Amino acid sequence: MAQRKKEDVREAILAASLKLLSERSYIDTSIPAIAREAGISTANVYVYFRSKLDILYTLYEPWLNERLERLDRALKRVASPADRLEKLLVTLWRDMPRETNGFAKNIMQALSTSSGGDEYSPHLRELFQGRVAAWIADCLGMTPAQSRTVAGVVLMAFDGFAMNVHLDHGMACDAKTAKLFSSLLTAKGGMA
């Protein structure tokens, strides 16, 4: 019985965190606010998670994986490599940054405000970059090293678009932007 209760508390913390991080932002969400939303004490949050960043990583990985799997299925339905690359860019630069009320911006906020990066793990970036590199290699016929470099740049743009989601005059990606960059990449990278 105690194990079930522990899992219920952990899930309540995660549900409260997802709600607050989606409504507000990483910066505007505190551990005491998470605890209040979960109906537990602040100290109890620390029984389950080392920090707010730990909570965010726990939430972000499945959120990201779900979207990458969905994107993979969508890309497999697009025959033309140029159209597939354009779909990849539109999804990464326009659609994903908007999902769950701009949830992706929380990672950029968390990393840009953490001190010393002692809790930073490159695991999520490497996972994301590896998937994007494979898609780019498939679209452009690049070597793994080349596609990994291009994927790194594509992800830096993703970070920027994610940070701009809630800015009053922030830059947003549209289909024309993705088409332009897709055409530049296909002209330089060669087609598979």
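About the thresholds
- Residues numbered from 1 in each chain as written.
- Predicted model: local features only at pLDDT ≥ 70, side-chain atom pairs only at ≥ 80, totals over all residues.
- Heavy atoms only, no water.
- Helix = DSSP H or I, 4+ residues; strand = E, 2+ residues; numbered from the N terminus.
- Expected span 1.5 Å × (residues − 1).
- Buried < 20%, exposed > 50% of the residue type's maximum accessible area, 1.4 Å probe, protein only.
- Axes fitted to C-alpha atoms, helices over the stretch in contact; angles between N-to-C directions.
- Parallel < 35°, antiparallel > 145°, perpendicular 65-115°, else oblique.
- Contact = heavy atoms within 4.5 Å.
- Nonpolar A, V, L, I, M, F, W, Y, C, P; charged D, E, K, R; others polar.
- Core = buried A, V, L, I, M, F, W, Y, C linked by side-chain atoms within 4.5 Å.
- Salt bridge = Lys/Arg side-chain N within 4 Å of Asp/Glu carboxyl O.
- Phe/Tyr/Trp six-rings, centres within 6.5 Å; stacked < 30°, edge-to-face > 60°.
- Lys NZ or Arg CZ within 6 Å of the ring centre and 35° of its normal.

## Digging into the environment of A12
1) Next: On the secondary structure map, A12 appears in helix α1 (residues 2-23).
2) Next: In sequence terms A12 and A35 are 23 residues apart; their C-alpha atoms lie 9.0 Å from each other.

## Brief notes about helix α8 (residues 144-164)
1) Next: Between its first and last C-alpha atoms α8 spans 30 Å; for 21 residues at 1.5 Å apiece the expected length is 30 Å, and the two agree.
2) Next: If you check which residues of α8 are buried, you get S147, V150, A151, G152, V154, L155, F158, F161 and A162.

## Structural notes on the packing of helix α6 (residues 105-113) against α8
1) Next: Put simply, α6 and α8 touch, their axes get as near as 8 Å, and they point 100° apart. Classified by the interaxial angle, the pair formed by α6 and α8 is roughly perpendicular. For the pair formed by α6 and α8, the contact residues are K105, M108 and Q109 on the first element and F158, D159, A162 and M163 on the second.
2) Next: Tallied by class, the residues present in the contact of α6 with α8 amount to four nonpolar, one polar and two charged.

## Focus on the nonpolar core
Here is a general trend for soluble globular proteins: nonpolar side chains tend to be buried in one another's company.
1) Next: With 56 residues, the main nonpolar core has I55, Y60, L92, F128, V132 and I136 as its most contacted residues.
2) Next: Of all elements in the fold, only α1, α2 (31-38), α4 (52-76), α5 (81-102), α6, α7 (123-140), α8 and α9 (175-189) reach the threshold of two or more residues within this core.
3) Next: In terms of residue count, α4 provides more of this core than any other element does, eleven residues in total.
4) Next: The contact partners of F128, leaving out residues within four places of it in the chain, are L64, L68, L92, M96, L155 and F158.

## What to know about the pattern of salt bridges
1) Next: Enumeration according to the criterion identifies 13 salt bridges in this entry.
2) Next: Of the charged contacts in the structure, one is a salt bridge between K19 and E23, with a shortest N-O distance of 3.0 Å. Highlighted residues: K19 and E23, both in helix α1, separated by four residues, approximately one helical turn.
3) Next: K19 gets classed as partly exposed once you look at its relative accessible area, which sits at 36%.
4) Next: Residue class for E23 comes out partly exposed when judged on its relative accessible area of 48%.
5) Next: A single salt-bridge network, built from bridges that share partners, covers E66, R67, R70 and E99.

## Observations concerning the packing of aromatic side chains
1) Next: Counted according to the given criterion, the structure contains six aromatic pairs.
2) Next: With 5.7 Å between their ring centres and 40° between their planes, W93 and F161 make a pair best called tilted. With W93 in helix α5 and F161 in helix α8, the pair connects residues that are 68 residues apart, well separated along the chain.
3) Next: Take F161: its relative accessible area is 9%, and that puts it in the buried class.
4) Next: In textbook terms, an aromatic cluster arises when at least three aromatic residues are bridged by ring pairs, as seen for Y60, W63 and F103.
5) Next: The residue whose ring lies beneath K52 is Y26, and the NZ or CZ to ring-centre distance is 4.1 Å.

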